[in-house]
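# Geometric and topological summary
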Amino acid sequence: MKKFLTAIVQLLQPHVPLSAEEIERTLELPPDPQMGDYGFPCFSLARHWKKAPAQIAAELAQRLQPTPLIPTIRPLGPYLNFFLHRPTVIQEVLEEISAQGAAYGQSKEGEGKTVIVEFSSPNIAKPFGVGHLRSTVIGHALHHIYQALGYQTIRINHLGDWGTQFGKLIVAYKTWGKEEVLQANPIRVLYDLYVRFHEEAEQNPALEDEARTWFKRLEDGDPEARRIWQWFNELSLKEFQRIYDRLGISFDYYTGESFYNTMLEDLVRRIQEAGLARYSEGALIVDLTPYNMPPLLLKKRDEATLYATRDLAAAEYRYRTFHFDKMLYVVGADQKLHFQQFFKVLELMGYDWVKRCVHVDFGLVKFNDEKMGTRRGNIIFLEEVLDKAVALAQSIIEEKNPHLEKKREVAEQVGIGAVIFADLSSRRTKDVQFQWERVLNFD
């Protein structure tokens, strides 16, 4: 678009006390294309000419003569708006696309800069539900966008591989599980055990205490707890990788919450020494009431850590390791308060780089107006969605193009592409109602 910018600068320069560079730097894109293609704000001229910006815009519009490239010049309040010659713009853009091919739209603005994108991040030993698709495909798209802008992008899958839920799973497995059944269908069996634990715990609250005890044993390095936890991890990652392969998505690091476990004691000690933490009802907290937020818990009464503690350690480690220019957390909108608290504690710890951390939130996927969840057992497995989409694509191919080569491969690409498109075409920040007919709509 340099040709058009130069034409606008040449029109304005004889009439304003600004250099060509200053004029080009001042030009803005109007919020609505109906207002014009470029806008020149007249605020900086008001002091020089002792006139209202709107009056300056109107007077400049009278003086400037349209050109073949800029056929319309129109004042709107304090802005002077320029409309480009549409056929020439189209020709320029198409020629540029033709010349650049796949490189069109790419730039070097991020050269020498690093962006971390944390996305997907499913919980180990829980099924990959359709709700996980949102973080996965949004994060993957952001990775591609920043890469096209010249940034070094680092994709991190911050696996939920630590926490009290593992105490629950260990209790459930030791009480009701069988090794050969689990080996045959690990994720489904672990899911059923997790749901059963919550159902049984409603009648027998002592199970919750037993789960907390097992997680504390896991944190303390108990060999049996570690062995079962490691086994659950390996089985889950194998299943997740199958789904990622089908989606065409990969990661640079699978550093889950457990990776930061050895860093937590030092982190907590430093927060205490800085005078930021205190005990409240037996739990160690950072009091955030002065900032109109509830306290952030660092340790529970039994001294077990929480995922907020691990997020703090992860942020420190990532800055120390990668010196990122931006870090994106692609996590659902229901975690908005967590990120406000977490970022505030990093700020109180004196880290200026917290300003480079962004929570990229998104709406929930709901089914029959309810939030899906493994505890409630109302989850739709992503693999089931992918299989149905591929099967539908294959049936359409058999009906309309039965002699197509590589039918199965094409059906996989079209079916999975449709599922991804259905998700990305939704407004990111809005909740989404899961509807089979929408996801399987290839139109």
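Structural notes, computed from the coordinates. (Residues numbered from 1 in each chain as written. Predicted model: local features only at pLDDT ≥ 70, side-chain atom pairs only at ≥ 80, totals over all residues. Heavy atoms only, no water.)

In terms of helices and strands, the protein chain carries 17 helices and 13 strands. What you see for the protein chain is a C-alpha radius of gyration of 28 Å, clearly larger than the 22 Å of a compact globule of 443 residues, by over 25%. Considering the protein chain as a whole, with its 443 residues, one finds that 46% of them fall into the buried category. Restricting the contact set of the protein chain to residue pairs at least 6 apart, pairs at least 24 apart contribute 69%. Entry remark: accessible area of the protein chain is about 22,800 Å², with carbon and sulfur atoms responsible for 51%. Within the protein chain, one finds 54 positive and 60 negative side-chain charges whose respective centroids are separated by 4 Å. (Helix = DSSP H or I, 4+ residues; strand = E, 2+ residues; numbered from the N terminus. Rg over C-alpha atoms; globule rule 2.2 N^0.38 Å. Buried < 20%, exposed > 50% of the residue type's maximum accessible area, 1.4 Å probe, protein only. Contact = heavy atoms within 4.5 Å. Areas by Shrake-Rupley, 256 points an atom, 1.4 Å probe, with all protein chains shown as cover. Lys, Arg positive; Asp, Glu negative; His and termini not counted. Charge placed at Lys NZ, Arg CZ, Asp CG, Glu CD.)

It is worth spelling out the side chain of Arg134 at this point. Note that Arg134 resides in helix α6 (residues 132-148). Beyond its immediate stretch of four places on either side in the chain, Arg134 contacts Phe362, Gly363, Val365, Asp423, Ser426, Arg427, Arg428, Lys430 and Val432.

Moving on, we get to the pattern of salt bridges. Per the stated rule, a full pass over the model turns up 33 salt bridges. A salt bridge links Glu59 to Arg63, with the nearest nitrogen and oxygen atoms 4.0 Å apart. Of this pair, Glu59 and Arg63 are both found in helix α4 (residues 53-63), 4 residues apart, which corresponds to roughly one turn of the helix. Taking relative accessible area as the criterion, Arg63 reaches 40% and is therefore assigned partly exposed. The salt bridge involving Asp287 is made with Arg278; its shortest N-O contact spans 3.5 Å. Arg278 gets classed as partly exposed once you look at its relative accessible area, which sits at 41%. When salt bridges that share partners are traced, they join Glu239, Arg242, Arg246, Glu383, Asp387, Arg408 and Glu412 into one network. (Salt bridge = Lys/Arg side-chain N within 4 Å of Asp/Glu carboxyl O.)

Here we take up the packing of helix α7 (residues 164-176) against helix α11 (residues 223-247). Close contact between α7 and α11 brings their axes to 11 Å; oriented N to C, the two are set at 95°. Compared by their axis directions, α7 and α11 come out roughly perpendicular. Contacts from Phe166, Leu169, Ile170, Tyr173 and Lys174 of α7 reach α11 at Glu224, Ala225, Ile228, Trp229, Trp231 and Phe232. (Axes fitted to C-alpha atoms, helices over the stretch in contact; angles between N-to-C directions. Parallel < 35°, antiparallel > 145°, perpendicular 65-115°, else oblique.)

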